[in-house]
Every structure is written in structure tokens, then in C-alpha cells.
Amino acid sequence: MAETLIQIGVIGCADIARKVSRAISLAPNATVCAVASRSADKASTFAAANGLPLTAKVYGSYEALLEDPEVDAVYMPLPTSLHLRWAVLAAQKKKHLLLEKPVALDVGQFDHIVEACESNGVQFMDNTMWVHNPRTSTMAQFFNDPHRFGHLKSVRTCFTFAADANYLKNDIRVKPDLDALGSLGDQGWYCIRAILLAANYELPKTVIASREPVLNKDGVILDCGASLYWEDGKVTTFHCSFLANLTMDITAIGTKGTLHVHDFIIPYQEKEASFYVGTETRFNDLVTGWDLQPSKHTVKTDLPQEALLIQEFARLVGEIKFKNSKPEKKWPIISRKTQLIVDAVKASIQRGFEPVHIQE
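Since the structure is predicted, the reported quantities are computational estimates derived from the model, not experimental observations.

(A) View of the overall build of the protein chain. For the protein chain, the count of helices and strands is 10 helices and 18 strands. Since a compact globule built from 360 residues should have a radius of gyration of about 21 Å, the 21 Å found for the protein chain is in line with a globular shape. If you line up the protein chain on its principal axes, its C-alpha atoms span 70 × 55 × 40 Å. Intrachain contacts of the protein chain at a sequence separation of at least 6 include 68% that bridge at least 24 residues. Carbon and sulfur atoms provide 51% of the accessible area of the protein chain, an area that totals close to 16500 Å². Each charge sign in the protein chain was given a centre, from 38 positive and 41 negative side chains, and these centres are 1 Å apart.

So, in C-alpha cells, the structure goes:
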């Protein structure tokens, strides 16, 4: 019997919705059944331009889509400042929720959103695509191998790109009333998630923002970084920026091994992704080269990572819808830890780069 497709509605026609609509079409267990914008014309244009199914409904308001009983779940790529209102309403309407990152402006808003999802029995997941790439689980296996990697000592990660003048003036990510977290929320979210992956999702105890962040005239972060400290001596750092060349790196160093990856958020190629690992690497006898060098590992996939995210989200929704299962709590837990660190970095900047202690 053919698998029943999970019916997903798209709320908002942001650029990222183009990529996610394609991902939904590629996932074997989901389909776009509706799209909503603040104007029906914009929604119709989006549907036509992105090849949505002819059966997909077009709505001129977000409320109308949420009232549609045929919609199982929604993908919500709205500005972060709108997440609290519309995500909570979606949950109250019993729509499973795939929410764009950053999830919220702060952990207080985050908790309201997740509480609404939990009280209404709907699945929550944020749209951090790279963690669903099979490369990521292979990297996690290396991090958790005491013989190849040992104990984590440090991580350095970054995500930067050089935004053009129009972006820096007009994009929602630089507007205080739309996405007030700026680069920290948009790019830093990914870096922090990479650090948490390497640390097996153990939260740091202390966060200190790097000095001299760059803010625009409205106080939105364009460039920043931070150092994270654990009680056992682990130290990690990240840097995110709208003002530097495109780079998305992870370097994780353990007592026995090291991992490097240079395209962790968006792989160089859609259906394969590589990383480098070395265990007990060392120089040769004359110290003119390396005897043991890092090795390249390539992981292939039939579906791009964003389609794998949709496939997993739809699988969880299907388990709830057809088998009366409970929502998977792993995803909101991981998202909340990411949000806590984002909040701590912002607080450290606001307090003059003082240490901020993380409290769950």
C-alpha cells in the first residue's frame, strides 16, 4: 500500500520557503497541500513559481490556512518576531510545527511555543537542516568514540558570508522589529548547534561574548562571537558574520583525535558530504612532514539534507496521526539548548562582555 502523505501547509513566502517547498516535494512521505501569504496574489505567485501541486490551496491569510482541517502540519518561515503569535496559534489549531530558526527572540518566548505544542500533542521541530544529513550522524559517531576521538577538549566553528549593501540595508535579518538577533540568530544558531553536537549536547556553564561585535545603526548584530566554557575544562569558540567571506567550518579537537569539516551547513554538493578525521596523528622522525595524516570520509545520500529533514518530520507526524504515538521530545530539547546559548551570548554583549552563567 502506498504511504499516506503528510499534508503540509506553508505559512509565509520567504525565500527559504522555496527551498523547503522543493524539499517537501522530494520527501517520499509529504506534500505541500496549501500555502498562505498576507495576500492571495503573493501566495498564488509563489505556488506557480515553485511548482506546487495543482491541488495545493492558496490562502490570503495565515488564519485561513490554520483553519483548514486537511492540513496536518505547517512550515513557518516567518520573521522571528512573529513566531510566538503564529506558532502558538498553529499548535492550538493542532497543526504540527516545523519552525524556522532561530525559534524565538529569547528562551521565554521559546518556552511558550513549546508549551503550546506539548499541551496540544503536536510535534515541534526547528528547520536546522544540516543535522539531518547522514554526514552529521557519522561525525557524531566519531565524537563519541573513545578510541578514535577521546574526550573533547575544544571546538572552533564559524559561519560567515559577505552580504551586499542591499542585504545589509533591507533584509529582515538586519531589522530590529523583524529579526532582532541578526547574525547571532541566523548564523550563530548553526555554530552553536555544531558545538552542542561535539559536546554530546551538554550545556556549557559559562558564556563570554567576544569584544568588538559589529552592530548596525539600529543595534542589530552583524558580526559577533563567543567563548563557551565547561566545568571539565572544555573550551569552544564561534564566530558569525554578515561581513566576511563565505565560510562554514568546524574544527573539533579531542584527546586522541581531530575532526575538520569545511561546509557543514550547506555541503559543496547536494548528495554527498565529506569531513576529515585524524587519530593520534604525528610528525615523522625528522619533523619534516606527517607520518599519520587526517583521512577524508565522504557520505552519500539519495536525498538532500532538507528533504531528509522533511522526511523525518513527516515520519514523526505520521506516527502521531496514525499510531497515536507521542511527539518526539528530542527536537525541542536540542532547540532549547541552542536558544539558551544564543540568549547568553546576547546577554554577555549587553553586559559589557561579562561572563553569563547558563541555567536550564
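From this point, things continue past the structure.
(B) Seen up close, the pattern of salt bridges. Tallied over the full model, the rule gives 19 salt bridges. Two residues, Lys234 and Glu202, come together in a salt bridge whose shortest N-O distance is 3.2 Å. Within this pair, whereas Lys234 is found in the loop between strand S10 (221-229) and strand S11 (235-241), its partner Glu202 is found in the loop between helix H8 (182-198) and strand S8 (206-209), the two being separated by 32 residues in sequence. When its relative accessible area of 6% is taken as the criterion, Lys234 is described as buried. Glu202 gets classed as partly exposed once you look at its relative accessible area, which sits at 37%. Of the charged contacts in the structure, one is a salt bridge between Asp218 and Lys217, with a shortest N-O distance of 3.5 Å. The class for Lys217 is exposed, based on a relative accessible area of 80%. Linked through salt bridges whose partners overlap, the residues forming this network are Lys101, Asp171, Arg173 and Asp186.

(C) Geometry of the sheet that holds strand S5 (residues 96-99). Spatial strand order, S3-S2-S1-S4-S5-S6: 6 strands in an open sheet with parallel pairing. For this open sheet the edge positions go to strand S3 (57-59) and strand S6 (124-126), each flanked by a neighbour on one side alone. Between one strand axis and the next, the sheet turns through 25 degrees on average, direction left out of account. Examined bridge by bridge, strand S4 (residues 73-76) and S5 share 4 bridges and lie parallel to one another. Looking at S5, one finds that Val74 is bridged to Leu97.

(D) Geometry of the nonpolar core. With 121 residues, the main nonpolar core has Met76, Leu97, Phe238 and Ile310 as its most contacted residues. Counting residues per element, this core draws most heavily on H8, at 10 residues. Beyond its immediate sequence surroundings of up to four residues, Leu97 is in contact with Val74, Met76, Ala87, Ala90, Ile113, Cys117, Gln123, Phe124, Met125 and Phe313.

(E) Structural view of the environment of Lys271. In this structure, Lys271 sits in the loop between strand S13 (257-261) and strand S14 (272-279). Along the primary structure Lys271 and Ala209 are separated by 62 residues, whereas in three dimensions their C-alpha atoms are 36 Å apart. One polar contact links the side chain of Lys271 to the main-chain carbonyl oxygen of Asp302, over a distance of 3.3 Å.

(F) Inspection of the side chain of Ser227 at higher detail. Relative to the elements of secondary structure, Ser227 occurs in strand S10. Apart from residues lying up to four places away in sequence, Ser227 is in contact with Thr206, Val207, Ile208, Thr236 and Thr237.

(G) Representation of the packing of H8 against helix H10 (residues 330-350). The contact between H8 and H10 brings their axes to 9 Å, and the two run at 120 degrees. Of the possible angle classes, the one that applies to H8 and H10 is oblique. Handedness of the H8/H10 crossing: right-handed. Seen from H8, the contacting residues are Leu184, Trp189, Ile192, Arg193 and Leu196; seen from H10, they are Ile334, Ser335, Lys337, Thr338, Gln339, Ile341, Val342, Val345 and Lys346.

Thresholds applied
Going along each chain's sequence as written, the residues are numbered from 1 onward. Whole-chain, interface and lining totals are the exception, using all residues; otherwise, since this is a predicted model, local features are given only for residues with pLDDT of at least 70 and side-chain atom pairs are given and counted only at 80 or more. Side-chain metrics in this entry use all non-hydrogen atoms of the structure; hydrogen atoms and water are not considered. Secondary structure follows DSSP: runs of H or I at least 4 residues long count as helices, runs of E at least 2 residues long count as strands, and numbering of each begins at the N terminus. The globule rule used here is 2.2 Å times the number of residues to the 0.38 power, and the radius of gyration it is set against is calculated over C-alpha atoms. Residues are treated as being in contact if the distance between any of their heavy atoms lies within 4.5 Å. Reported accessibility uses the Shrake-Rupley method at a 1.4 Å probe radius. Residues are deemed covered only where the shown protein chains occlude them. Only four residue types enter the charge count: Lys and Arg as positive, Asp and Glu as negative, with His and the chain ends excluded. Throughout, a charge is located at the NZ atom of Lys, the CZ atom of Arg, the CG atom of Asp or the CD atom of Glu. Just to be clear on terms, a salt bridge is a Lys or Arg side-chain nitrogen sitting within 4 Å of an Asp or Glu carboxyl oxygen. Note on exposure labels: buried denotes an accessible area under 20% of the residue type's maximum, exposed denotes more than 50%, and partly exposed covers the range between, all computed with a 1.4 Å probe on protein chains only. Note: two strands are recorded as paired if DSSP finds a minimum of 2 bridges between them. Axis definition: a line fit to C-alpha positions, over the contact stretch in the case of helices; interaxial angles, taken between N-to-C directions, run 0 to 180 degrees. We call a set of buried residues a nonpolar core when its members are Ala, Val, Leu, Ile, Met, Phe, Trp, Tyr or Cys and they connect through side-chain atoms within 4.5 Å of each other. Polar contact is defined as a pair of N or O atoms within 3.5 Å, subject to the rule that within protein one atom must be able to donate a hydrogen and the other to accept it, and that residues adjacent in sequence are counted only when both atoms are side-chain atoms. Roughly parallel here means an angle under 35 degrees, roughly antiparallel means over 145, roughly perpendicular means 65 to 115, and every remaining angle is called oblique. If you view the pair so one helix is near and one far, a crossing is left-handed when the near helix is turned anticlockwise from the far one by less than a right angle, and right-handed when it is turned clockwise.

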